[in-house]
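# Analysis of the macromolecular model
In case you want the letters, here they are:
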Amino acid sequence: MKLRLSVLWCDRSGRFWPLKALVLAAVLAPGIWLAARWSLFGLGARPLNTAIHFVGLWGLRLLLISLAVTPARGIFGLVKLVQLRRMLGLAAAAYIGAHFVLYCLDQQFQAVHIAQEILRRHYLTIGFITLTGLAALAATSTDAMLRRLRRNWKRLHRLVYPLAVLGLVHAFMQAKLDVSQPAILAGLFSWEMLYRALPKRLQASPWALFLLVPLAALATAIEEAGWYGLAKHVPWQRVLEANVMVRTLGLRPAGWVGVATLAIALLATLRHFSRRFRPPAPSASAPVVVGG
Amino acid sequence: MLIRIARGWEIPESKATPEAFVLGRRRTLGIGLGSALATFLPKMGHTQQMVSRSHRYDPGRPITPAQIVTTYNNFYEFGSDKDIWETAQGLPMHPWVIRIEGLVSKPRTIAMEDLLKQVSLEERVYRHRCVEAWAMTVPWTGFPLASLIRLAQPLSSARYVAFQSLVDAKYMPGVAEPFFPWPYIEGLTIEEANNELAFIATGLYGKPLPPQNGGPIRLVVPWKYGFKSAKSLVKITFTDRQPHTFWETVSPQEYGFWANVNPEVSHPRWSQATERLLGSDERVPTQIYNGYGEWVASLYPNKKDKRLFM
Ligand code: HEM
């Protein structure tokens, strides 16, 4: 097997694909930014902890972005987007692998101690299970593996959904008190799951997407308030109430998820109407070669 | 005529010496340096009351650079990240008054300046151990909490002292979140509060205590996890009941009332066996009572009780 670097920016037919090059640059950017800041200015008082948080968060974000490929394909009718999924998933796995290595570095690579910690601290146990799962998916992400595993490949790779849930749980559990970041990510994940639950014929409908906005925001609010109520001794009713105090508190996680999913619905609407009112171009209905 | 009173922060060292010099030399800071640096004083050109460094509590570690101590802070009233120091700069430090009430012979409100006239200031370098398994070594200026208690004249029925931090949504975005139990409350038993280590700080590195570090006035109890040392104090209440503290209220399974440092009792989410020294690559073993057992171990005869350490 020959490994060609050009797969990083070319599509299946081997032609340069600007979007893919852009996505490559985007997934590398957080890592480069961190490395540059770390080496030039340092990362402050507790550099390793700062780095652990930074790459953990980006790993989880990329994982959720990789899960957004399927909805994006449906909404924007861009079948080719699926070719980006592997890169996004592998990038997520790489960041999370780095997250673990940084943790080991912070614990001075004391293997016995690290193993004990993973067994003792529930959030680390969950993180470790997630990491192992993601490593298995990364290892089986090649074309050769896809061919070898056939129908089992799809079954195996559906594990990414429960793994994302575990990653989110880990992110909630590690927080000292403030779970705004995990709550936003959990809200976006909820939107992705709600989208998957839509009947196929509604998945490209702007109206359905507008319906998902309040549902996703509500899911976020419930997840956030539920966490404070169940895991912490913080009155969940008041957490819920805080969502409407936009004047004093600004947008809370449910608000942000609302804004983000509304933007998706608006984009879909725009696309819907621009296609409707434009005379069909001859190439618009040409079949698109499916790849990935 | 302007009568110059000693502010709560004036010490010889950093005033007399460019900070870089102090910090560059920090590994050699120790006994005798205070007096060595005091010889620089006349060059300063204005008179200030000398505050001497107490060497009874030699930290046995280099002092953490001021730049780190003043930019890495847990102060949830300003926000839940560590980099709240810029937000905190908006908090006005003058005028500042403290209310003393509860089981005292005469409840009263006292202004910072008046309080400082009635105590004698000293500098102490303490190890500071955060519950999050990091530590720093900090030169505080201030006075023993015991002298404040003497001024307050508690009744004999007082068994606890509760410390309350400022809540002002105008300057503190964190307190706008209505679901946390503001104000921040911390507490000690009277015996703990009268221990000679318990300290009220009004200065840091020879300068006024900045808001992010709990300015203008805070508690420092070095044998307990950092969250016990309440910041920006506005009220001190003497009571006969154990105060409901902030962290104990929001997460009782993780943070208790006692919170004495102990390497053998883990936090539910991490080991407390070692601590990362801020601003260095070092991780060092944590000591019971943060190494202050000599002074405080006798406060806790039943060392087996795990609750004393969380
Ligand atoms: C053995 C595996 C893992 C270990 C040892 C580990 C360790 C940690 C540690 C130590 C923290 C910071 C906790 C603190 O400062 O108190 C953290 C936070 C985090 N981790 Fe992990 N983790 C692991 C796996 C994962 C996985 C698989 C994911 C994602 C899928 C993940 C995502 C995160 C996120 C999002 C945060 C929070 C970042 C933030 O909000 O600032 N981690 N992890």
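What counts and how
Residues numbered from 1 in each chain as written. Chains lettered and ligands numbered in written order. Predicted model: local features only at pLDDT ≥ 70, side-chain atom pairs only at ≥ 80, totals over all residues. Helix = DSSP H or I, 4+ residues; strand = E, 2+ residues; numbered from the N terminus. Expected span 1.5 Å × (residues − 1). Buried ≥ 20, exposed ≤ 12 C-beta atoms within 10 Å, placed from the backbone. Contact = placed C-beta atoms within 7 Å. pLDDT = per-residue confidence, 0-100. Domains from an automatic or database assignment.

Our next topic: unusual backbone geometry. Residue and element names in this part refer to chain B. For the bond running from His 94 to Pro 95, omega is -10°, close enough to zero to count as cis. With respect to the helices, strands and loops of the structure, Pro 95 is situated in the loop between helix H5 (85-88) and strand S2 (97-102). In this model, Trp 182 is joined to Pro 183 through a cis peptide bond whose omega is 0°. Along the chain, the position of Pro 183 falls in the loop between strand S6 (160-165) and strand S7 (185-189). Phi at Ala 133 is positive, roughly 65°, even though this residue is not glycine. If you check the backbone angles, Asn 290 has positive phi at about 55° while not being a glycine. Topologically, Asn 290 is positioned in the loop between strand S13 (283-285) and helix H10 (293-296).

All names here are of chain A. Between its terminal C-alpha atoms helix H10 (residues 180-197) stretches 26 Å, which fits the 26 Å expected from 18 residues at 1.5 Å a residue. For H10, the complete set of buried residues consists of Pro 182, Ala 183, Ile 184, Leu 185, Ala 186, Gly 187, Leu 188, Phe 189, Ser 190, Trp 191, Glu 192 and Tyr 195. Elements that come into contact with the buried residues of H10 comprise helix H2 (47-67), helix H3 (69-76), helix H9 (160-174), helix H11 (206-230) and helix H14 (253-277).

Right, let's get into the confidence of the model for chain A. Confidence in the prediction of chain A, expressed as mean pLDDT, is 92, and 94% of residues score 70 or more. When the criterion is pLDDT under 50, residues 284-292 of chain A qualifies, and its contacts beyond four places in sequence or with other chains add up to 12 contacts.

Let us look at the domain arrangement of chain A. Residue and element names in this part refer to chain A. Here chain A is partitioned into domain 1 (1-174) and domain 2 (180-275). Tallying the contact residues gives 15 residues for domain 1 and 15 residues for domain 2. Only H2, H3 and H9 provide two or more residues apiece to the side of domain 1 that touches domain 2. The element that contributes the greatest number of residues to the side of domain 1 that touches domain 2 is H2, accounting for five residues.

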